[in-house]
Amino acid sequence: MKILKKIGKIALITLISLVGVIVLALGGLNLVKFGIYSDYYKIKTNVCINPGLGDNFVCQGIAASEENEVIFVCGYMKDDTNSRIYVTNEKNESYYVNLVKNGKKFTGHAGGMATTNDKVYIANGGRIYIVDINDILNASKGDEVEIGEGIKVSVAASFVYTDEEYLYVGEFHNGAAYNIEGHENETKEGTHYAITLKYDLDDLTKPIKAYSIRNKVQGICFTPDGKVVMSTSYGLADSIYYVYNESEASNANKEFEGAPLYYLDTLVNEIHGPAMSEDLDYYNGKVITLTESASNKYIFGKFFFANKIIALEI
């Protein structure tokens, strides 16, 4: 009996010591990150809590409505229930709606999101789904919102952005699991494999401009001062935010789907940050984004306080 008590005591001490080591290690890593990503933390501020991270929700898209003082976050569910849109604000007041397509459960990736003062756009699987903004704002928690059939576009439609006049629709390529074929372009910064298309909001059937973009882009933002910001990530590697001037895009002297093609290949700045960054939008003078690392699917971001919607002063 004494031997069992002694073994139990040793096991308890070992467990406590192990937990202590883990806590110290995480504490150390949380301090080290400020040095590793110093440029990122210099321009970063928190906007609000990223909703749904404890609900098996995996966030993908973000869109802000300054008029309504809300931020929309879309994504899919780890447990394969309906994909969702969360509505939140800077007071951390939030609720969600369940997405349905033609009356049936929709479980698509819901990869990117954009909003005007009357519509919400969702990118998924080569289509853009358009929802009346009031269908979401007037809903209650758990209500169903219909996304319809969507509009087929000429790119894979992984992310979307609007400046209230034009809609920009882009695709994600990483050369492995997500591989875009036939969109290669040789540029000053190497081979690009993906395209972002610019559409007039009144006509999503024909692009008016095309941009050749780098790999692993999760979101794009065209700022009012002429910058183009891209959020890139995949797996546990650094997220990198690449900054270009739209005015310096190189004319490719050819067309894509009938639209003049330009290369976004003259880099102005790049900022490294923590892994798994997603979509981008422009809100109150800053670029906002979020990461999926603190979702229940990936978990590790919970230990690094990656549970916020953040703003970057770029």
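Every chain begins its residue count from 1, and numbering advances along the sequence as written. In view of the model being predicted, local features appear only for residues whose pLDDT reaches at least 70, and side-chain atom pairs are presented and counted only at 80 or more, with totals across whole chains, interfaces and linings using the full set of residues. To get the side-chain values, all heavy atoms of the structure are used, and hydrogens and water are removed first.

1. Description of unusual backbone geometry
Here is step 1: For Asp80, which is not glycine, the phi dihedral falls at a positive 65°.
Here is step 2: Helix and strand definitions follow DSSP, with helices as H or I runs of at least four residues and strands as E runs of at least two, each counted in order from the N terminus. You can see Asp80 is positioned in the loop between β3 (70–77) and β4 (84–88).
Here is step 3: The buried label applies to any residue whose accessible area, calculated with a 1.4 Å probe on protein chains only, is under 20% of its type's maximum; exposed applies above 50%, and partly exposed to all values in between. The class for Asp80 is partly exposed, based on a relative accessible area of 47%.
Here is step 4: A positive phi angle, near 65°, is found at Asn92, a position not held by glycine.
Here is step 5: Mapping Asn92 onto the fold places it in the loop between β4 and β5 (95–101).
Here is step 6: You can call Asn92 partly exposed: its relative accessible area is 38%.

2. Digging into the environment of Ile195
Here is step 1: When you line up the elements, Ile195 lands in strand β16 (residues 194–200).
Here is step 2: Taking C-alpha positions, Ile195 is 5.8 Å from Gly170, a pair spaced 25 residues apart along the chain.
Here is step 3: Here, residues are in contact when the closest pair of their heavy atoms is within 4.5 Å. For Ile195, the residues in contact, after removing those within four places along its chain, are Val155, Val169, Gly170, Glu171, His183, Asn185, Ala210, Tyr211, Ser212, Ile213, Phe256 and Leu261.

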